[in-house]
Amino acid sequence: MKAHKYLYGPVPSRRLGRSLGIDLVPHKICTYDCIYCQIGNTTEKTLVRKEYAPVKEILEEVRSFLKEGSSSVDHLSLSGSGEPTLHSQIRSVIEGIKALTSIPIAVITNGSLLYDKEVRQDLLRADIVLPSLDAVSAEVFMKINRPHPGISVEKVIEGLVEFRKAFKGQIWLEILFCKGVNDSKEELVRMKKVIDRIQPDLIHLNTVVRPPSEKLAVPLNQKEMEEIKAFFGKSASIISEFDRHPPMVSERDINQEILEILKRRPLSASDLSKGMGISKDELDRYIKPLVEEGKIQSRLFGDSIYYEIK
Ligand code: SF4
């Protein structure tokens with residue numbers, strides 16, 4: 001498999017199975033600078049939408065990937081190294097992919113730009129939109145998401161409510177909890193009221209499971225997550241670990257794939273082996289030399305060792 005500039009993976013996604021990531025904005029351009037961000041601090045916090053990556057080149061890469069064999073991909077996910085709705089031509093990307101394949105398209109977004117009617121319209125042809133909403137009160141929102149000054153939490157909420165009215169696909173709302181930041185009883189009660197207005201199809205509860213950009217982003221434990229799940233009711237679930245092992249794919253450059261995947265985010269050996277469809281033993285044979293050569297490094301977070309680009 002040849003190296004791609006805008007595609008990465010397929011990577012294991014706890015919600016989307018084997019997901020081929022399509023990176024629409026360079027690292028790390030975002031409207032937020034979340035304390036838990038797994039891809040590092042935001043270097044360009046902006047609301048400016050532009051064609052950060054040429055649509056023609058993105059679609060060419062998708063076409064070539066599909067030609068090489070796409071049978072083991074469950075979703076094509078627009079996400080990556082920042083906020084994908086900042087890409088001004090995201091609608092052309094979605095429509096271009098639709099013309100190439102019937103594999104469902106997911107957009108993983110922080111939802112911050114949905115107050116803009118044009119952004120809402122751009123996403124209408126996606127199959128699943130996965131917005132996040134980690135706080136509903138201004139103070140908590142500032143603390144956890146550290147947004148661009150032009151964004152208020154009221155605007156974000158109104159954007160989500162309006163998008164729900166227009167969008168016919170699935171909305172899976174993600175809330176990521178950091179201990180002592182957005183998990184107070186008061187905030188949860190307020191969140192529930194707001195979620196009743198948004199009416200997502202599913203609520204995905206998450207916590208800090210990969211190394212965060214700030215040390216103050218601390219995970220909740222299983223019991224605390226279970227209590228929150230019970231509070232939100234039957235449409236809520238704690239995002240479970242990816243557990244499918246797809247068949248091995250043909251000859252490819254495993255080293256290159258590992259580096260491409262880790263360029264986007266740190267992953268554990270378990271995540272890597274599942275996402276790439278190879279056993280942990282086989283993966284080990286590639287990981288060790290990459291560590292010794294200084295191309296990647298390991299980092300302990302929680303009970304797991306994560307690998308990242310050095
Ligand atoms: S977690 Fe997502 S929304 Fe938050 S800073 Fe990172 S890329 Fe942006």
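Located above this text is the structure these notes cover.
This one's a predicted model, so the numbers in the text were calculated from it and none came from an experiment.

Asks: Is there a simple way to think about the side chain of Ser-273 in this case?
Replies: Topologically, Ser-273 is positioned in helix H9 (residues 269-276). At 3.3 Å, the side chain of Ser-273 forms a polar contact with the backbone oxygen of Ser-270.

Asks: Would you mind going over the site of the ligand with me for this structure?
Replies: Taken together, the residues surrounding the ligand are Lys-28, Cys-30, Tyr-32, Asp-33, Cys-34, Tyr-36, Cys-37, Thr-42 and Asn-110. Considered class by class, the residues forming the shell around the ligand number five nonpolar, two polar and two charged.

Asks: Mind showing me how you'd approach the pattern of salt bridges here?
Replies: Pairing between side chains of opposite charge can happen when their charged atoms approach one another. For the coordinates displayed, the defined rule picks out 16 salt bridges. A salt bridge links Arg-15 to Glu-174; the nearest nitrogen and oxygen atoms lie 2.6 Å apart. With Arg-15 in the loop between strand E1 (7-13) and strand E2 (17-23) and Glu-174 in strand E8 (residues 170-177), this residue pair connects regions lying 159 residues apart in the sequence. Note that Glu-308 and Arg-299 form a salt bridge whose closest N and O atoms lie 3.2 Å from each other. Residue classification places Arg-299 among the partly exposed residues on the basis of a relative accessible area of 33%.

Asks: Could you clarify how one ought to interpret the packing of aromatic side chains in this entry?
Replies: By convention here, two paired aromatic rings are described through the distance between centres and the angle between planes. Scanning the model with the defined rule gives four aromatic pairs in all. When the ring of Tyr-32 is compared with that of Phe-141, the centres are 5.6 Å apart and the planes differ by 80°; the resulting orientation is edge-to-face. Here Tyr-32, found in the loop between strand E3 (29-30) and strand E4 (44-45), pairs with Phe-141, found in helix H4 (residues 138-145); they are 109 residues apart in sequence, far enough to count as distant. According to the relative accessible area criterion, Phe-141 is buried, its value standing at 2%. With centroids separated by 5.4 Å and ring planes inclined at 75°, the aromatic side chains of Phe-231 and Phe-232 adopt a geometry described as edge-to-face. Accessibility expressed as a relative area gives 7% for Phe-232, which makes it buried. Lys-155 extends its terminal NZ or CZ atom over the ring of Tyr-115, reaching a point 4.4 Å from the ring centre.

Asks: When you look at the nonpolar core in this model, what are you seeing that I'm missing?
Replies: For soluble globular proteins, the rule of thumb is that nonpolar side chains tend to be buried together. Grouped together as the largest cluster of nonpolar side chains are 77 residues, with contacts concentrated most on Leu-78, Phe-177 and Phe-232. The residues contacting Leu-78, other than those within four sequence positions of it, are Ile-22, Leu-24, Pro-84, Ile-90, Val-93, Ile-94, Ile-97, Ile-105, Ala-106, Val-107 and Ile-108. Judged by nonpolar contacts, the second largest core, of 17 residues, contains Val-11, Ile-254, Ala-269 and Ile-278.

Definitions and limits used
Residues numbered from 1 in each chain as written. Predicted model: local features only at pLDDT ≥ 70, side-chain atom pairs only at ≥ 80, totals over all residues. Heavy atoms only, no water. Helix = DSSP H or I, 4+ residues; strand = E, 2+ residues; numbered from the N terminus. Polar contact = N/O pair within 3.5 Å; in protein donor to acceptor, adjacent residues only side chain to side chain. Near = heavy atom within 4 Å. Nonpolar A, V, L, I, M, F, W, Y, C, P; charged D, E, K, R; others polar. Salt bridge = Lys/Arg side-chain N within 4 Å of Asp/Glu carboxyl O. Buried < 20%, exposed > 50% of the residue type's maximum accessible area, 1.4 Å probe, protein only. Phe/Tyr/Trp six-rings, centres within 6.5 Å; stacked < 30°, edge-to-face > 60°. Lys NZ or Arg CZ within 6 Å of the ring centre and 35° of its normal. Core = buried A, V, L, I, M, F, W, Y, C linked by side-chain atoms within 4.5 Å. Contact = heavy atoms within 4.5 Å.

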